[in-house]
Amino acid sequence: MSGYDVVVVGGSPIGAAAARHAASTGASVLLIEKGDGTGEPVRCAGIVSPHALEALGASTSSVLREICGGRLYAPGGRAIELHADTTKAVVIDRGVLTRELISAATAAGVVVRIHTQAVAARKGLITIENGRAREEVAVKVIIGADGPKSAIASWFSLSGPKRFLVAEQVVIAAEGRVGDGVEIFFGKDFAPGFFAWAIPAEEGRLRVGLAATPGSDISILLARLLREQFPGKVLTRIGGLIPIGPAETTVADGALLLGDAAGQVKPTSGGGLYTGGVCARIAGQVAGDSAIGNAISSAASAGAVDLEALSVYERRWQEEIGDELKFGHAARLLFSALTNEEIDRLFAAIDVPETLGMIAQNGDIDYPSRLIDSVLTQKKIRTRLLSAIGGWSRAQDLIRIAFASEGETPI
Ligand SMILES: Cc1cc2nc3c(=O)[nH]c(=O)nc-3n(C[C@H](O)[C@H](O)[C@H](O)COP(=O)(O)OP(=O)(O)OC[C@H]3O[C@@H](n4cnc5c(N)ncnc54)[C@H](O)[C@@H]3O)c2cc1C
């Protein structure tokens, strides 16, 4: 039986980054990916902050465009323009990013096996399959970076994230309307509980999609958005789940969860590459360091790292991004509770040059709480926002409704 200190299941940019970090501790690392390792077809809008690439340890070779602003649409049609002096986000070719990070993992000494699927796992042992060949591998730490419906989570009796948004996106050959900025559409007629987007990507291409609470007919909503706003030829179409709200716990005896499997996704934007990059560094280091201390053994589970040692991972990632994810979760629930008319009035309240300038300059897609903090400390803006929703008693109502809606239909 072969054996490794760390086995990473899932070869997305996040799994590949974790594998590279684990190898940098001196641990022996196997990365398995059931697909072909090219990262195609891409299930992502590919918009990240420049920090996300740094967090993943990636170069800028995947960057297609820099984004300094965009246009936000209220349900009633009001559009507000935001423009910053600096790059707020980049649009990437995610396939290029995946391939870069898998190559970097290989260069760091990780053994990468594509077309290889984990089919069973327990403490100290993982069973992998390539075609018809089945193999048992002794392992001290398994990193489950295997996506929103993680098999590693269920084999280790971890609940994983409990709530999801459903998402669909197309790439279209845009007829004319490819600006430099992103376009975001809010309101229940576009995307109940979230938003729809149009992102300029490769020359003449737009990524148009939406995410919404489960039960929404996202295909019909997307078809309408395309018909009314973006009538270009559809070239590709993907669907996916976006975890909303972290898993209760992300560690077990001999395994830890990472990325979508752990619900490490920003609830306000659905973006998981920055948060996954931050957590991949911690996961790789903790898995590698703790595994090296244990002797590997072919007697299953003898060398596996226990829950207590791996709890360092949960503590450290919670310290770095836990509060921001909790803030995002609360903010999304509150936003979902607003009526279309209230969103319209909030748009009108911020549609003042001075406020828009402040939002554009201070906005940080990885840390929305910083913008909200800076906006709410301005008494004038705070008063305008509060009166837009009908005063303090309605604000209290919204908080109550938002938290009652924790009971959104789980998938
Ligand atoms: C429509 C859509 C748009 C998005 N847009 C953005 C965006 O613009 N910016 C952003 O930051 N985030 C975005 N996200 C979220 C982002 O894509 C995810 O957060 C990120 O991909 C999570 O990476 P992951 O490694 O956790 O999971 P995944 O990307 O799902 O990767 C899991 C990998 O594990 C492999 N795998 C699964 N099971 C096994 C197994 N048993 N054995 C071996 N391999 C296995 C899969 O083949 C896959 O390669 C979007 C998501 C969706 C659905």
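Residues numbered from 1 in each chain as written. Predicted model: local features only at pLDDT ≥ 70, side-chain atom pairs only at ≥ 80, totals over all residues.

A word on unusual backbone geometry
So, point 1. A cis amide bond links Glu40 to the next residue, Pro41, at an omega of -5°.
So, point 2. Within the secondary structure layout, Pro41 lies in the loop between strand 2 (29-32) and strand 3 (47-48).
So, point 3. Located in the positive-phi region is His115, a residue other than glycine, with phi close to 50°.
So, point 4. Relative to the assigned elements, His115 resides in the loop between strand 8 (111-113) and strand 9 (117-122).
So, point 5. In this structure, Ser157 is a non-glycine residue whose phi angle is positive, near 55°.
So, point 6. Tracing the sequence through the fold places Ser157 in the loop between helix 4 (151-155) and strand 12 (164-173).
So, point 7. Under the C-beta neighbour-count criterion, Ser157 is labelled exposed, with 8 such atoms within 10 Å. (Helix = DSSP H or I, 4+ residues; strand = E, 2+ residues; numbered from the N terminus. Buried ≥ 20, exposed ≤ 12 C-beta atoms within 10 Å, placed from the backbone.)

Brief notes about the environment of Gly131
So, point 1. With respect to the element layout, Gly131 can be found in the loop between strand 10 (125-130) and strand 11 (133-144).
So, point 2. Taking the C-alpha atoms as reference points, Gly131 and Val182, 51 residues apart in sequence, are found 42 Å from one another.

Brief notes about the sheet that holds strand 4 (residues 63-67)
So, point 1. Taken in spatial order, the 3 strands of this open sheet run 3-7-4, and their pairing is antiparallel. For this open sheet the edge positions go to strand 3 and strand 4, each flanked by a neighbour on one side alone.
So, point 2. Two strands pair when backbone bridges link them, and strand 4 and strand 7 (residues 89-92) are joined in this way by 4 bridges, in the antiparallel orientation. When the sheet's bridge partners are listed, Val63 is paired in strand 7 with Ile92. (Pairing = 2+ DSSP bridges.)

Brief notes about the domain arrangement of the protein
So, point 1. According to the domain assignment, the protein contains domain 1 (2-66 + 92-161 + 247-322) and domain 2 (330-407).
So, point 2. Taking only C-alpha atoms, the centre of domain 1 and the centre of domain 2 are 36 Å apart.
So, point 3. Counting from both sides, the interface comprises 7 residues of domain 1 and, opposite them, 5 residues of domain 2.
So, point 4. Along the lines of polarity and charge, the residues of the side of domain 1 that touches domain 2 split into 2 nonpolar, 5 polar and no charged. (Domains from an automatic or database assignment. Contact = placed C-beta atoms within 7 Å. Nonpolar A, V, L, I, M, F, W, Y, C, P; charged D, E, K, R; others polar.)

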